Number of protein chains: 2
Amino acid sequence: MTQITNDLYQVKEKMYVATDCIIFGFHQGKLKLLVFKRKLEPLQGEWSLIGSFVQLDEDLEVAGQRVLKETTGLEDVFMQQLKTYGRKDRDPGYRCISIAQYALIRIDEYDEKLVEEHGARWYEIDDLPVLILDHNEMVQDALLQLKHNARYKPIGFELLPEKFTIPQLQSLYEAIYQRELDARNFRKKVLSLNVIEKLDEKDKTTSKRGAFLYKFNYDNYQKLLKSGYNFEIA
Amino acid sequence: MTQITNDLYQVKEKMYVATDCIIFGFHQGKLKLLVFKRKLEPLQGEWSLIGSFVQLDEDLEVAGQRVLKETTGLEDVFMQQLKTYGRKDRDPGYRCISIAQYALIRIDEYDEKLVEEHGARWYEIDDLPVLILDHNEMVQDALLQLKHNARYKPIGFELLPEKFTIPQLQSLYEAIYQRELDARNFRKKVLSLNVIEKLDEKDKTTSKRGAFLYKFNYDNYQKLLKSGYNFEIA
DNA sequence: TATAATAAATGTAAAAAATACATTCATTAT
DNA sequence: ATAATGAATGTATTTTTTACATTTATTATA
């Protein structure tokens, strides 16, 4: 639970239902997490995931999207339920369960101003601060899930801009798997899946020669999924 | 939500938190699901998963185990959180989210009497009745998860008695994957993982020759897991 | 305008893993 | 003694994964 609306702990006479968002981004070859400085007591000033109570008339997914919108300005973000955290003593004072959802966003797209207003900051995933409650546990679980999913779904594309180069994609997968990959084998594998399309443009920000830009082909992806394919990318 | 404690729908002024259990068993070569006949209004007499509200002073996992204990008499059952179902209109009348957990149990061990008292019945998974609310969706999601997990963890062992034969194990995997496997390749693969131990006993219930019994070796399993192994079994 | 520098792009051979497939074995019942 | 039954076993082929070094396109600068 992240948004506590008064500043005194109270007795456990009611079950609260919250959602917390684990927001991943990818920037300059690094996988990053968006963390927030708590504005309310208790634990004011501590680092925390962003979250909110789930409203009575609100779907779970909608609650997650609402939090994302309020904090980053982004809509229709890729978001997936991770796990529900429900240890009876996870939040001292309240009895509160939290449905953790993780989001993948394209850092170049988010609304910087909104993020700043919320006292938020991007941290590299291998240099995270201590977070309140069980939030570090949530992040570690989400990282595991991300690694796992990246192996079987082309989930990584959510973290890149619409047009990206193969070296960029490789660098993302290296950040997720936390190990280096062979450029030839990676390219071979990714192209063999037939889910990215070569464009007639080059990105020249990282080399004189320039690297061709590609875009993700959702149609082919859907077809591949239906055919029962496995999608191991690296 | 399954256990509703009065018989009139009421307005949505409070968030309820329930847990529903998807109980899988394996018997005579078939993967089965334990379903229950609802005892209370609304929807009395309909087939349903078994569930309960989560108590204020109760961990989520404990709530699941409690339900299992009450309905099958079994304790320390293998159980895993599946997903939280939180559509705002999933339960007409109440606003109730449900944390679905799935359990794998050894059918020969469960307490038949307790199951009967609860008006429960085992259904083959490809012959399930219509269940209340979103329970059919929960079951389908759980089956997908089970298939997925069975591929990467030797999860299937939870569904077999402690001593089992390789043909039995194969038959279980065939039931989970819903396709036939090659006996030679299956045996080769399973033995190569080094997680089952041959015993000096045979099971002669299915053949004159008898098949050697094996038991699962949790220590080797843990070692293998730590070494980062993948565990694809079929 | 030639040259140096840089990251992008490419192919092949070896190793490992997955698959396809048919026969013999141990035991019991007749 | 023999027929019947499911259990157990090995090998060759195909597919997938891995390891590894050179050339290419472009820009900056000498």
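One structure accompanies this document, and this report is about it. Bear in mind that the values here come from a model prediction, so they are computed numbers and not experimental data.

**Side note on the sheet that holds strand β9 (residues 196–203) of chain A**
Sheet strands pair via backbone hydrogen bonds, and the direction of the pair is either parallel or antiparallel.
Residues and elements named next belong to chain A.
Alright, step 1. The antiparallel open sheet is built from 3 strands, whose spatial order is β8-β10-β9. A strand with exactly one partner marks an edge of an open sheet, and here the two such strands are β8 (163–165) and β9. Taking each pair of neighbouring strands and ignoring which way they run, the sheet shows an average axis angle of 45 degrees.
Alright, step 2. Taken together, the 5 bridges between β9 and strand β10 (residues 211–216) define a ladder with antiparallel strand orientation. Bridge pairing in β10 places Lys198 opposite Tyr214.

**Regarding the side chain of Thr165(B)**
Alright, step 1. Relative to the elements of secondary structure, Thr165(B) occurs in strand β8 (residues 163–165).
Alright, step 2. Within the local environment of Thr165(B), its side chain forms a polar contact with the backbone nitrogen of Gln168(B), the two atoms lying 3.1 Å apart.

**A few points about the sheet that holds strand β10 (residues 211–216) of chain B**
All names here are of chain B.
Alright, step 1. Strand order in this open sheet of 3 strands is β8-β10-β9, and the pairing throughout is antiparallel. The sheet terminates laterally at β8 and β9 (196–203), the two strands that pair on one side only. Adjacent strand axes in the sheet meet at a mean angle of 45 degrees when their direction is disregarded.
Alright, step 2. Sheet topology places β8 next to β10; 3 bridges connect them, and they run antiparallel. What sits directly across from Thr165, in β10, is Leu213.
Alright, step 3. Along the sheet, helix α4 (residues 166–177) makes contact with β8, β9 and β10, crossing β8 at roughly 80 degrees.

**Describing the packing of aromatic side chains**
Alright, step 1. A complete count under the given rule lists 20 aromatic pairs over all chains for this structure.
Alright, step 2. Ring centres of Phe24(B) and Tyr102(B) lie 6.3 Å apart, and the angle between their planes is 70 degrees; on these two criteria the pair is classed as edge-to-face. Placement of the pair is Phe24(B) in strand β1 (residues 15–27) and Tyr102(B) in strand β6 (residues 95–105), with a sequence separation of 78 residues. Just as Phe24(B) is buried, Tyr102(B) falls in that class too.
Alright, step 3. Aromatic pair Tyr173(B) and Phe186(B): ring centres 6.0 Å apart, planes at 50 degrees, arrangement tilted. Here Tyr173(B), found in helix α4, pairs with Phe186(B), found in helix α5 (residues 183–192); they are 13 residues apart in sequence, far enough to count as distant.
Alright, step 4. Phe186(B) sits in the buried class, given a relative accessible area of 3%.
Alright, step 5. By the ring-pair criterion, three or more aromatic residues cluster together here, those being Phe157(A), Phe164(A), Phe216(A), Tyr218(A) and Tyr221(A).
Alright, step 6. Over the face of the ring belonging to Tyr123(A) we find Arg121(A), whose NZ or CZ atom lies 3.9 Å from the ring centre.
Alright, step 7. Here the basic side chain of Lys198(A) rests over the ring of Phe212(A), its NZ or CZ set 4.2 Å away from the ring centre.

Thresholds, definitions, all that
Residues numbered from 1 in each chain as written. Chains lettered and ligands numbered in written order. Predicted model: local features only at pLDDT ≥ 70, side-chain atom pairs only at ≥ 80, totals over all residues. Heavy atoms only, no water. Pairing = 2+ DSSP bridges. Helix = DSSP H or I, 4+ residues; strand = E, 2+ residues; numbered from the N terminus. Axes fitted to C-alpha atoms, helices over the stretch in contact; angles between N-to-C directions. Polar contact = N/O pair within 3.5 Å; in protein donor to acceptor, adjacent residues only side chain to side chain. Contact = heavy atoms within 4.5 Å. Phe/Tyr/Trp six-rings, centres within 6.5 Å; stacked < 30°, edge-to-face > 60°. Buried < 20%, exposed > 50% of the residue type's maximum accessible area, 1.4 Å probe, protein only. Lys NZ or Arg CZ within 6 Å of the ring centre and 35° of its normal.

All quantities given are derived from atomic positions and should not be read as evidence of function.
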